[in-house]
Amino acid sequence: MPSIKPDTAHQADLKSDKKPVKVIYYTDPICSSCWGIEPQLRKLKLEYGTSIDIEYRMGGLLPDWSYNSGGISKPSDVAHHWDEVSVYYDMPIDGGVWLEDPLPSSYPPSIAFKAVQIQSTERAILFLREIREMVFLQKKNIAKWEHLEQAAKNTGVNIEQFKKDYEGRAKDLFYADLKLARDLGVHGFPTMIFSDSTGKNETVYGYKPYAVFENTIAGLYPSVQKYTYDKSIAAVFSTFHSLTAKEFSELTGVARNQSEQMLDEYVKQGMLQKWTTKNGSLWSLKK
């Protein structure tokens, strides 16, 4: 990734004005590496949420199937890739959607995210999680309106406004994200640009262990204080209503080889419900 100098024309976009560190997070709804860093990102929010402000931007990973990169040129290539990276990231990903009902583009769910973001930043993050669970675990084609609408309903979005913005303003906001990505030299996802109040910045690209994100924050804000949060199962599931075994382990400190057994025990007790795929599971609060 090219370095981004503090004196670029986009210093105003990068500089943190409120919390000590601002993060511009470039992602995409179908980016498997972005799904892979969910455990690290969620922990980052719990431990450093008072010091960092994360601004979500959409990167437009798949415009259409003229795409050809890294040996991926057709939907079946993605199916194979997803099954491989599921093991690497230790996150449940079922590539079957690319064989059964492949997405023509990641633009529709990206625009839908921007439409929700107009209403609420918090709901947009919940919406993004919802559509990711749909595509990675439930094999749903999230380029289809029916699934986007359902995800919006599940996250308490005003559907009438959502539809209006999806067909209007959200497209302009999405293309503005793409333009800023080009200007900032963002070429892949996830890309996280960390900036302090002076405009000094550091870029973390791709899947990285938690310590890399933590050290990046400390480098920009040496006096940062890590928040000690409640690691009980009740607390983490009240904050994040669904968790993979890797996420549960990362957030609670429970050893990874014990986390599934513990989560399954809570299923038996009726506290949680479980969604199982061929490459892993997701646990959520019982509805």
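Preceding this paragraph is the structure being described.
Please read all numbers here as calculations on a predicted model, not as lab measurements.

J.: It is not clear to me how the overall build of the protein chain should be interpreted in this structure. Could you clarify?
T.: Within the protein chain, the secondary structure is distributed over 14 helices and seven strands. Over its C-alpha trace the protein chain gives a radius of gyration of 19 Å, about what one expects of a compact globule, namely 19 Å for 287 residues. If one aligns the C-alpha atoms of the protein chain with their principal axes, the spans along those axes are about 55 × 45 × 40 Å. Out of the 287 residues in the protein chain, the part that is buried amounts to 52%. Summarising the internal contacts of the protein chain: among those between residues at least 6 apart in sequence, 68% fall at separations of at least 24. With the model as given, the accessible surface of the protein chain reaches about 13100 Å², and the carbon-plus-sulfur share is 49%. Side chains of the protein chain give 35 positive and 36 negative charges; the mean places of these two sets differ by 2 Å.

J.: Where do I start with the pairing of strand S4 (residues 201-205) in this structure?
T.: Within a regular strand, side chains alternate between the sheet's two faces. Across five bridges, the pairing between strand S3 (residues 191-195) and S4 is antiparallel. Across the sheet, the residue bridging to Met-192 is Val-204, located in S4. Connecting S3 to the antiparallel partner S4 that follows it, the hairpin turn spans five residues, and Gly-199 within it adopts a positive phi of roughly 100 degrees.

J.: Help me understand the pairing of strand S7 (residues 280-285), please; the structure alone is not making it clear to me.
T.: Bridge analysis of strand S5 (residues 242-244) against S7 gives three bridges, and the strand direction is antiparallel. Note on S7: the bridge partner recorded for Ser-242 is Ser-284. One ladder, built from six bridges, connects strand S6 (residues 272-277) with S7; its direction is antiparallel. Its bridge partner being in S7, Leu-272 is matched across the sheet by Leu-285. Joining the antiparallel neighbours S6 and S7 is a turn of two residues.

J.: For this particular structure, what's the right way to read the packing of helix H9 (residues 159-167) against helix H10 (residues 169-184)?
T.: The axes of two packed helices give the description: the angle between them and the distance between them. Orientation of H9 relative to H10, taken along the N-to-C sense of each, is 55 degrees, at an axis distance of 3 Å. Taken together, H9 and H10 sit at an angle that is classed as oblique. Packed against H9, whose contacting residues are Asp-165, Tyr-166 and Glu-167, the element H10 presents Arg-169, Ala-170 and Lys-171 at the interface. Here the contact of H9 with H10 is built from residues that sort into two nonpolar, no polar and four charged.

J.: How should I be thinking about the sheet that holds S7 in this particular structure?
T.: Adjacent strands of a sheet form backbone hydrogen bonds with each other and so pair up, either parallel or antiparallel. Across the sheet, three strands lie side by side as S5-S7-S6; this open sheet has antiparallel pairing. Both edges of this open sheet fall to S5 and S6, since each of them pairs with a single strand only. Across the sheet, the mean angle separating the axes of adjacent strands is 25 degrees when strand polarity is ignored.

J.: Looking at this model, I keep getting lost on the pattern of salt bridges. Mind explaining?
T.: Where charged atoms of side chains with opposite charge meet at close range, the side chains can pair. Scanning the entire structure with this criterion turns up 20 salt bridges. Between Glu-55 and Lys-22 there is a salt bridge whose closest N-O contact spans 3.2 Å. Of this pair, Glu-55 sits in strand S2 (residues 52-58) while Lys-22 sits in strand S1 (residues 21-27), and the two are 33 residues apart along the sequence. Classification of Lys-22 by relative accessible area gives buried; the value is 12%. Notably, a salt bridge pairs Arg-256 with Asp-90, separated by 2.6 Å at the nearest N-O pair. Residue Arg-256 is found in helix H14 (residues 256-268), and its partner Asp-90 is found in the loop between helix H4 (75-89) and helix H5 (97-100); the two are separated by 166 residues along the sequence. On the basis of relative accessible area, Arg-256 is assigned to the partly exposed category, the value being 27%.

J.: Explain the nonpolar core here, please?
T.: Within soluble globular proteins, side chains that are nonpolar tend to cluster in buried spots. Judged by nonpolar contacts, the single largest core of 69 residues is most densely connected at Trp-82, Trp-98, Phe-127, Phe-162 and Phe-194. Counting residues per element, this core draws most heavily on helix H7 (residues 121-136), at seven residues. If we skip the residues at most four places from it in the chain, Trp-82 touches Ile-30, Ser-32, Ile-93, Asp-94, Gly-95, Val-97, Trp-98, Val-135 and Phe-136. Listed in part, the 15 residues of the second largest apolar core include Leu-46, Ile-233, Leu-243 and Leu-272.

The rules behind each value
Residues numbered from 1 in each chain as written. Predicted model: local features only at pLDDT ≥ 70, side-chain atom pairs only at ≥ 80, totals over all residues. Heavy atoms only, no water. Helix = DSSP H or I, 4+ residues; strand = E, 2+ residues; numbered from the N terminus. Rg over C-alpha atoms; globule rule 2.2 N^0.38 Å. Buried < 20%, exposed > 50% of the residue type's maximum accessible area, 1.4 Å probe, protein only. Contact = heavy atoms within 4.5 Å. Areas by Shrake-Rupley, 256 points an atom, 1.4 Å probe, with all protein chains shown as cover. Lys, Arg positive; Asp, Glu negative; His and termini not counted. Charge placed at Lys NZ, Arg CZ, Asp CG, Glu CD. Pairing = 2+ DSSP bridges. Axes fitted to C-alpha atoms, helices over the stretch in contact; angles between N-to-C directions. Parallel < 35°, antiparallel > 145°, perpendicular 65-115°, else oblique. Nonpolar A, V, L, I, M, F, W, Y, C, P; charged D, E, K, R; others polar. Salt bridge = Lys/Arg side-chain N within 4 Å of Asp/Glu carboxyl O. Core = buried A, V, L, I, M, F, W, Y, C linked by side-chain atoms within 4.5 Å.

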